[in-house]
Amino acid sequence: MSKEPRLNDLMEQVLAYQPTANVEVIRQAYDFSARVHEGQKRLSGEPYLVHPMAVAGVIADLKLDVPSIVAGLLHDTVEDTLTSLEEVRTVFGAEIAALVDGVTKLSQVNFTSREEKQAENFRKMVLAMAKDIRVILIKLADRTHNMRTLNHLPAEKQILVAQETLDIYAPLAHRLGIAWVKCELEDLTLKYLHPEIYYQLKRNVAKRKVDREKYINEVISIISKVLEGEGIDAEVTGRPKHFYGIYQKMESQNLLYDQIYDLVAFRILVDAVRECYEALGVIHAHWKPVPGRFKDYIALPKPNMYQSLHTSVIGPYGERVEIQIRTHEMHRIAEEGIAAHWRYKEGKDFEFTDIQRFTWLRQLLEWQQNLKDPQEFLYSIKEDLFSEEVYVFTPKGDLLNFSKGSTVIDFAYRIHTEVGHHCTGARVNGQLVSLKYILRSGDTVEIITTHQQTPSRDWLKLVKTPRAKSQIRNWIKKQQRERSVALGREILEGDFNRHKLDYALLRREGKIEAIAKELGVKDEESLLASVGYGKITPHQVLVKLVPADKLDTGKKQAEGTLERLVRLATSQKRDFGVRVKGEEDILVRLARCCHPLPGEEIVGFITRGRGVTIHMANCPTVLESDPHRKIEVSWQGDAQTPRPIKIEVNCVDRPGLLAAISAAITSADVNIARAQVRTFPDQKALNTFEVMITHSDQLRRVLQSISKVKGVYRAVRARG
């Protein structure tokens, strides 16, 4: 397609919803982007300019303003060309430059892992989003087009991008209330993460298309006549549920496609809130409602501004019919979310005070400030963005929202950190409950505290929200550090006394502080903690104070030091192909919680008396461990020791499938050490295999091979 028609189409689309827009700056941005991207091609072989044009088109679909469209056209210029941000600022102004900077990745920084890079890029985007919400909308447009063209990437990259989209960007679109973007991103992730399921669903949906359309038209006709008979003017529509929604239902309820009946959702649009409730009464009078399926999101809107009445009824032919009832304005916000709210301000700045209206955005900014560890930040985002929510009341009647599965401890930490630390129980709806009580929508919660109560590691298994987890971990880490400081002082003072050194005197003279600096730690307390952890030995300190010929090197070093670990290692060492930075012959063991494999990012933790434990960098246990015990580790190039890894396979229960799965595993040159099969009454099965794997690439090939077997829903690596 030639330049002018495409560009003119974009400008006409913008003028259709913003007639006074200065579209000439869009033309200027197009020319600028075409010039700096000249000669660049995408993996599809198309000119690179196709991508920024497509991103600008998605932004126009969101009906955003001209600066957003321009930023979409320029969003890759700083990252992928020789263009500087200053040049963008000079040509297009500070507002557009700030938007481009917000969506530009941190390409000049060296990161230790892909996860850290992902976390820090997202942190940068959150900060930019706090100043201007359009940043995240532009980023969503960028991700939407990248997912539409994901088939041109290598298979391994497809899985990484799709998983990141499912973990972060689809939930973000949901939280921002942009329904069509959320649904499209989820369907596309299913296509690449579970292709067998995606194409099977596609075939099943296509097979029933004629019958489904006939059924939709019949139900629409019935609803329209019933409402018209009661004097309610309504627009009634019906639509099939998107693929990912069907897949979620199959997974959560352990159903086959043929066992799902409410595959179609109907929507009733009216003019006024009063008519929503009138329409609901008419529907319930005509068809019997399904108990427990009514939700009133008009009286209690979702955090993303979504408002609607939801109900399920037993409709024609005895089938369940899901119905949503809302006003036309509610529908606009349901489809466009925060983008609709932003436009409502008619060109005024979307200020931080506006963001404060969205509780989850406020929480996101709070985590960005408080969670300094990149892995913990990203883990919290993935866990919280994706969760369903419950709504509970404080004793004063304030409404708070929590992730589904949250307990009264989560509630206590939302009130205040100290309330959380000293929470012993709660009164829910006037009844005493324990710390294990799981919050339910509509609960009124009052926290009970005592000064003697303090957090325990077990609390981490009870809480759901990132805020509570972070505060509990911080408290535990602080206690661990205090114990290690005390132990380090005890160890050093004992060795100092043996050499007739006065620790208190050396401390007053500033020599302990000076030794700490020489050994690369911040201060005396950090030195003591490092000795307590075993990261620094008493010998390393003494050598700074005692002549070498007077050091009793033959003396047994303090329990827990690295020398102790070396001696322990000589008799027990197993070669897992892991190198501990700066040390030789250290006892190394692989964590049972995550079973790390060569090729995966790893981190080591010193464990007193047991050497160094190796975890995957993104293992949840790492988030609960004291960072001061962390030590740098890496895989050695020739690490080829087979390790037992568990794989879980969800599939149809049919003859021959187990043999087919076993053949898929062995075809990838992998041995099966153990297999367990569990069948369920609904013709489903869960197979657990223990296989011997040498590298993460080999595991990935095995999972891909299993996923291609007809009848397999999902094949994943089991944790723990």
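Residues numbered from 1 in each chain as written. Predicted model: local features only at pLDDT ≥ 70, side-chain atom pairs only at ≥ 80, totals over all residues. Heavy atoms only, no water.

1. Here's the deal with the overall build of the protein chain
At step 1: Across its full length, the protein chain carries 32 helices and 21 strands.
At step 2: Burial statistics for the protein chain: of 720 residues in total, 52% are counted as buried.
At step 3: Counting only contacts in the protein chain whose residues sit at least 6 apart along the sequence, the fraction spanning at least 24 positions is 66%.
At step 4: Working note: accessible area of the protein chain is about 34200 Å², and carbon and sulfur atoms make up 50% of it. (Helix = DSSP H or I, 4+ residues; strand = E, 2+ residues; numbered from the N terminus. Buried < 20%, exposed > 50% of the residue type's maximum accessible area, 1.4 Å probe, protein only. Contact = heavy atoms within 4.5 Å. Areas by Shrake-Rupley, 256 points an atom, 1.4 Å probe, with all protein chains shown as cover.)

2. Quick word on the sheet that holds strand S9 (residues 423-428)
At step 1: Judged by pairing direction, the sheet is antiparallel, and its three strands sit side by side in the order S10-S9-S11 without closing on themselves. Each edge of the open sheet is held by one strand with a lone partner, namely strand S10 (431-433) and strand S11 (445-449). Pairs of neighbouring strands in the sheet enclose a mean axial angle of 30 degrees, with direction left out of account.
At step 2: For S9 and S10, the ladder comprises three bridges, and the chain directions are antiparallel. Paired with Arg 427 across the bridge in S10 is Leu 432.
At step 3: Contacting S9, S10 and S11, helix H21 (residues 408-415) runs over the sheet at an angle of about 85 degrees to S11. (Pairing = 2+ DSSP bridges. Axes fitted to C-alpha atoms, helices over the stretch in contact; angles between N-to-C directions.)

3. Observations regarding the pattern of salt bridges
At step 1: Counted according to the given criterion, the structure contains 23 salt bridges.
At step 2: In this structure, the salt-bridge partner of Glu 164 is Arg 143, at a minimum N-O distance of 2.7 Å. On the criterion of sequence distance, the pair formed by Glu 164 in helix H10 (residues 155-175) and Arg 143 in helix H9 (residues 134-148) is long-range, its members being 21 residues apart.
At step 3: Judged by relative accessible area, which is 17%, Glu 164 ranks as buried.
At step 4: By relative accessible area, which is 8% here, Arg 143 ends up buried. (Salt bridge = Lys/Arg side-chain N within 4 Å of Asp/Glu carboxyl O.)

4. Description of the packing of aromatic side chains
At step 1: This structure, assessed with the given rule, holds eight aromatic pairs.
At step 2: Look at Phe 496 and Tyr 503: their rings are 5.8 Å apart centre to centre, the planes differ by 50 degrees, and that puts the pair in the tilted class. Taken individually, Phe 496 and Tyr 503 each receive the classification buried, so the pair is uniform in this respect.
At step 3: Aromatic ring contacts, followed pair by pair, group Tyr 198, Tyr 199 and Phe 243 into a single cluster.
At step 4: For Arg 35, the ring lying beneath its charged end belongs to Phe 32, and the centroid distance is 5.0 Å. (Phe/Tyr/Trp six-rings, centres within 6.5 Å; stacked < 30°, edge-to-face > 60°. Lys NZ or Arg CZ within 6 Å of the ring centre and 35° of its normal.)

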